[in-house]
Amino acid sequence: MLCQFSFQNFRSYKSETTFDFQATAIPEFADTLISGNKAGDLLPVGVIYGPNGGGKSNLLNALAYLITVVVKPIYLMDKTRVRMIYPQWSNSKPFLFDGDSKDQPTSFEIYFRKNKNEYRYYLSILNEEIVMESLHWRTIGGKKTGTVFEREQSNITLGASIAKNGINRAVNPKMPYLTFLAITYDIPIIVEVQTWFESCIVRRYGNSDIERLVMFSSDQTAQQTVIRALNDMGIDITGYRYDENEKKIYTQRTVNGMTYEMQFEDESDGTQKMIGILPAILVALHEGSLVIVDELDAKLHPKLLRYIIGLFKNKNINIHGAQLLFTSQDMTTMKNTVFRRDEIWFAALNENHESEIYSLYEIRREDNERVNSTAAFDKQYLEGRYGADPYLSNMLAEENWT
């Protein structure tokens with residue numbers, strides 16, 4: 001489970017930026033939180049709003065890039081330890097709007113839980129070469145932190161948990177030492193970290209070919225699970241099949257006892273999107289994984305978007321602590337009946353053309369009090385009170401339309 005993610009000098013983000021899945025001490029939706037055993041509660045859902053070009057997607061891309069750097073060599077060498085759902089890789093660029101950032105490293109720090117342990121992994125990269133890297137751990141609820149390894153360029157120090165004879169400290173300067181250890185050795189603590197990274201699911205709007213492949217498993221039980229979920233959302237598909245000869249996908253519906261087929265491409269865009277993303281979501285809920293989705297709301301009816309959010313916030317369904325992190329432009333779900341204040345985040349550019357993020361919980365009103373949990377979040381956002389879209393209040397002003 002993801003607790004916190006920080007990064008610096010990545011695309012539109014120059015300064016250190018932190019996204020937090022750790023729940024704050026507010027009362028709303030307390031029954032939806034992922035309860036921590038001897039540790040703080042975590043949020044099941046995080047959504048990022050903001051104007052086009054404000055940095056929403058880049059935040060997700062930063063996390064996706066870290067996953068890519070760690071996992072891609074393992075995947076390409078067929079050394080993965082868990083099933084991966086058609087990974088979608090990401091790339092990196094430094095902040096461009098100054099004279100110095102291109103010569104500075106891009107850094108990432110991720111804090112997560114796996115089984116009974118908590119891990120902090122740090123990675124700093126410049127020109128595709130590793131500048132610094134470290135992995136630390138502790139038992140959940142414990143006070144003592146242990147070092148797995150620390151790296152400064154080619155100098156690597158091993159912690160007590162892996163300091164054994166025969167552990168190679170010579171590694172390609174472009175490969176994370178975590179990745180090298182995962183590929184080369186069978187070390188329990190490394191395996192646990194490796195499997196967490198491999199279980200993360202990254203999805204982007206517009207990769208329909210990849211998304212379609214996810215759906216069409218030959219596993220009949222998996223197929224029926226997908227069909228039942230689609231039916232729950234009012235999509236009345238009764239089956240589907242992939243024609244090997246035609247290389248085409250057909251969906252099936254039963255009307256008056258007769259089964260009819262239509263090509264997948266003839267389904268509505270929203271149905272195609274739902275069919276594409278749903279299997280990955282169901283896998284995440286079953287395995288307790290993190291799902292990262294850019295533009296989750298694109299081409300989806302707001303009720304379907306609420307349905308997906310509700311799956312993660314329902315503890316009777318989300319029994320393994322799965323988490324959903326996504327970007328959205330859909331105002332109909334920016335409601336106090338859908339989200340906690342600490343689940344809503346905003347991304348926007350500052351006066352130096354740098355992206356910044358902040359949660360709704362962090363915003364203070366004119367009287368220095370926090371935004372009330374009963375406030376009309378969507379209305380206040382469109383009025384420019386939250387700062388991430390101030391131009392909208394001018395666009396919507398009546399005098400501008402006369």
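The structure this text deals with has already been given above.
So, how was this worked out
- Residues numbered from 1 in each chain as written.
- Predicted model: local features only at pLDDT ≥ 70, side-chain atom pairs only at ≥ 80, totals over all residues.
- Heavy atoms only, no water.
- Buried < 20%, exposed > 50% of the residue type's maximum accessible area, 1.4 Å probe, protein only.
- Helix = DSSP H or I, 4+ residues; strand = E, 2+ residues; numbered from the N terminus.
- Pairing = 2+ DSSP bridges.
- Expected span 1.5 Å × (residues − 1).
- Contact = heavy atoms within 4.5 Å.
- Polar contact = N/O pair within 3.5 Å; in protein donor to acceptor, adjacent residues only side chain to side chain.
- Axes fitted to C-alpha atoms, helices over the stretch in contact; angles between N-to-C directions.
- Parallel < 35°, antiparallel > 145°, perpendicular 65-115°, else oblique.
- Nonpolar A, V, L, I, M, F, W, Y, C, P; charged D, E, K, R; others polar.

### Quick word on the pairing of strand β15 (residues 344-349)
- Judged by how many residues are buried, β15 sits mostly within the fold: five of six residues are covered.
- Looking at chain direction, β15 and strand β16 (residues 355-359) are connected through five bridges and run antiparallel. Its bridge partner lying in β16, L349 is registered against S355.
- Two successive antiparallel strands, β15 and β16, enclose a turn made up of five residues, where H353 displays a positive phi of approximately 65°.

### Some thoughts on helix α7 (residues 302-313)
- For α7, built from 12 residues, the straight-helix expectation of 16 Å at 1.5 Å per residue is met to within 8% by its first-to-last C-alpha distance of 16 Å.
- Taken together, the buried positions of α7 are occupied by L304, L305, I308, I309, L311, F312 and K313.
- Tucked inside the fold, the buried residues of α7 contact β3 (45-49), α6 (269-287), β13 (290-294) and β14 (323-327).

### What about the environment of Q323?
- Turning to its location among the elements, Q323 is positioned in strand β14.
- Taking the relative accessible area as the measure of exposure, Q323 reaches 1% and is therefore buried.
- Between the C-alpha atom of Q323 and that of K164, which follows or precedes it by 159 residues, the distance is 36 Å.
- Only 3.1 Å separates the side chain of Q323 from the backbone oxygen of L43, close enough to count as a polar contact.

### Some remarks on the side chain of S289
- Following the sequence through the fold, S289 ends up in the loop between α6 and β13.
- On the basis of relative accessibility, which here comes to 2%, the residue S289 falls in the buried class.
- Engagement of the side chain of S289 in a polar contact is seen with the backbone oxygen of S199, the distance being 3.4 Å.
- Not counting chain neighbours up to four residues away, the residues in contact with S289 comprise S199, A284, A322 and Q323.

### Details of the packing of helix α2 (residues 177-184) against helix α3 (residues 188-199)
- It is the contact of α2 with α3, at a shortest axis distance of 10 Å, that shows an interaxial angle of 110°. When the interaxial angle is binned, α2 and α3 end up roughly perpendicular. Side by side, α2 and α3 meet where L178, L181 and A182 of the first sit next to I190, V193, Q194 and F197 of the second.
- Taken together, the residues of the contact of α2 with α3 break down into six nonpolar, one polar and no charged.

### Some remarks on the side chain of T179
- Positionally, T179 belongs in helix α2.
- Overall, T179 belongs to the buried group, its relative accessible area being 0%.
- The contact partners of T179, leaving out residues within four places of it in the chain, are V69, V70, P73 and I74.

### Some thoughts on the sheet that holds strand β10 (residues 239-243)
- With respect to topology, three strands assemble into an open sheet ordered β10-β11-β12, the strand pairing being antiparallel. Because the sheet does not close on itself, it has two edges, and the strands there are β10 and β12 (258-263). With strand direction ignored, the average angle separating the axes of adjacent strands in the sheet is 30°.
- Pairing between β10 and strand β11 (residues 248-255): five bridges, direction antiparallel.

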